Amino acid sequence: MGLPRLGGQGGNGGDVWVVAGKSLTLKRVSDKHPQKRFAAGTGSNSSVRALKGEKGQDVEIRAPVGITITTDDGKKLGDLNIDGDRVLVAKGGSGGSFYSRFEPSKGQVRHIRLDLKLIADVGLVGFPNAGKSSLLTAMSSATPQIASYAFTTLKPELGKLMYRDHKQVSVHMLMSAVSSWPAKTPFRSAFEAIQLLTKELELYKEELLSKPALLVVNKMDLPDAEDKLAELKEQLEKPGEFSSLLPEDMIPKDQLTFRHVIPVSAATGFGIDHLKTRIRESLDEDAETANRAIHAEKLRALEHYSRW
């Protein structure tokens, strides 16, 4: 409240913030605050001793990095991208003053959502029933739903690959399906599946085709798997000669270049360690290339400064 007879202004209410912190998880936030309700402090009344009342105490909700904050109606309030980022989610009301007849106003009341963005080093892309869930389970501690029918992946899954030097690599599994593939087609070869997946990536975001890629050939425990793998490798060496197997509108403009073709069996564990090694090598090579590029750019900038 304000103080009418002396023109005193009441203190504003406190604000509610969401603040990014390291080593936090959404589960930890939920466990710490089971009521999921946060209220900032009330501003102090204006008085003879303090004509301007003190602001109410702010409240900070600590949350993990990588959070997007939205209201219930979908309005985006902000992102927590790095440690220490702050987003104001509810502003305190104004203290009473001459302009409000010395009556205070109420602060904001909001229902908010904290959504953790899935960030991964590696993406697994494949058709339904290709064994992606089983492969993710074999490589990491993830536990996606697994079944022998199509479309068992109900949501994006994130798994962690652990290495002896304590390096962790996150793997994100995505469902992929080309709806325009003829419904009556009884069989799709591995080569045809690769072409269709390439086309789907091309249609979704063409720049994805320039990213480093590994080809994982799963289910090597099945009969005739070795013969089919040999046939696939031959087709990949000369894809143009075999593209006629597909409808023209399903043929990608450019072919994916695979650094390695890795046969595995998620069911038996065959090739899993080799796959994890290849993933790590590929990521390390890319990191080294990026570091060299940054170093070269800094040298060019330094040379330019020296000449100037």
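In case you missed it, the structure is sitting above this.
So, a few notes on the structure that sits alongside this text. (Residues numbered from 1 in each chain as written. Predicted model: local features only at pLDDT ≥ 70, side-chain atom pairs only at ≥ 80, totals over all residues. Heavy atoms only, no water.)

### Brief notes about the overall build of the protein chain
Part 1: Tallying secondary structure elements over the protein chain gives six helices and 11 strands in all.
Part 2: Residues counted as buried form 35% of the 308 residues belonging to the protein chain.
Part 3: For the protein chain, the share of sequence-separated contacts (at least 6 apart) that also reach a separation of at least 24 residues comes to 66%.
Part 4: In the form shown here, the protein chain has an accessible surface area of approximately 20100 Å², with 53% of it arising from carbon and sulfur atoms. (Helix = DSSP H or I, 4+ residues; strand = E, 2+ residues; numbered from the N terminus. Buried < 20%, exposed > 50% of the residue type's maximum accessible area, 1.4 Å probe, protein only. Contact = heavy atoms within 4.5 Å. Areas by Shrake-Rupley, 256 points an atom, 1.4 Å probe, with all protein chains shown as cover.)

### Points about the pattern of salt bridges
Part 1: On inspection of all chains with the given rule, the structure shows 15 salt bridges.
Part 2: One salt bridge in this structure joins Asp 79 and Lys 76, with 2.7 Å as the shortest N-O distance.
Part 3: Here Glu 288 makes a salt bridge to Arg 292, at a shortest N to O gap of 3.0 Å. Here Glu 288 pairs with Arg 292, and both are found in helix H6 (residues 272-307), just four residues apart, close to one helical turn.
Part 4: Given a relative accessible area of 47%, Glu 288 falls into the partly exposed group.
Part 5: Looking at Arg 292, the relative accessible area reads 49%, which means it is partly exposed. (Salt bridge = Lys/Arg side-chain N within 4 Å of Asp/Glu carboxyl O.)

### Some details on unusual backbone geometry
Part 1: One non-glycine residue with positive phi stands out, namely Arg 101, at about 55°.
Part 2: In this structure, Arg 101 sits in the loop between strand S5 (86-90) and strand S6 (112-116).
Part 3: For Lys 219, which is not glycine, the phi dihedral falls at a positive 65°.
Part 4: Checked against the element boundaries, Lys 219 lands in the loop between strand S10 (213-217) and helix H4 (225-237).
Part 5: Judged by its relative accessible area of 32%, Lys 219 is partly exposed.

### Focus: the side chain of Ser 265
Part 1: Among the structural elements, Ser 265 can be located in the loop between strand S11 (258-263) and H6.
Part 2: Engagement of the side chain of Ser 265 in a polar contact is seen with the side chain of Thr 268, the distance being 3.0 Å.
Part 3: With residues up to four places along the chain from it excluded, the contact list for Ser 265 reads Asn 218, Lys 219, Met 220, Asp 221, Phe 270 and Ile 272. (Polar contact = N/O pair within 3.5 Å; in protein donor to acceptor, adjacent residues only side chain to side chain.)

### Re a negative patch on the surface
Part 1: A cluster of acidic residues, Asp 224, Glu 226, Asp 227, Glu 231, Glu 234, Glu 237 and Glu 241, forms a negative patch at the surface.
Part 2: The greatest single-element share of the negative patch, amounting to five residues, is contributed by H4.
Part 3: Position of Glu 234 relative to the elements: it lies in helix H4. (Patch = residues over 30% accessible without salt bridge, like charges linked within 9 Å, V, L, I, M, F, W, Y side chains within 5 Å. Lys, Arg positive; Asp, Glu negative; His and termini not counted. Charge placed at Lys NZ, Arg CZ, Asp CG, Glu CD.)

### Details of helix H3 (residues 190-204)
Part 1: Given a rise of 1.5 Å per residue, 15 residues ought to cover 21 Å, and the 21 Å separating the end C-alpha atoms of H3 matches this to within 8%.
Part 2: Among all positions in H3, only Phe 191, Glu 192, Ala 193, Ile 194, Gln 195, Leu 196, Leu 197, Thr 198, Lys 199 and Glu 202 are buried.
Part 3: Tucked into the core, H3 has its buried residues touching strand S7 (122-126), S10, H4, helix H5 (239-242) and S11. (Expected span 1.5 Å × (residues − 1).)

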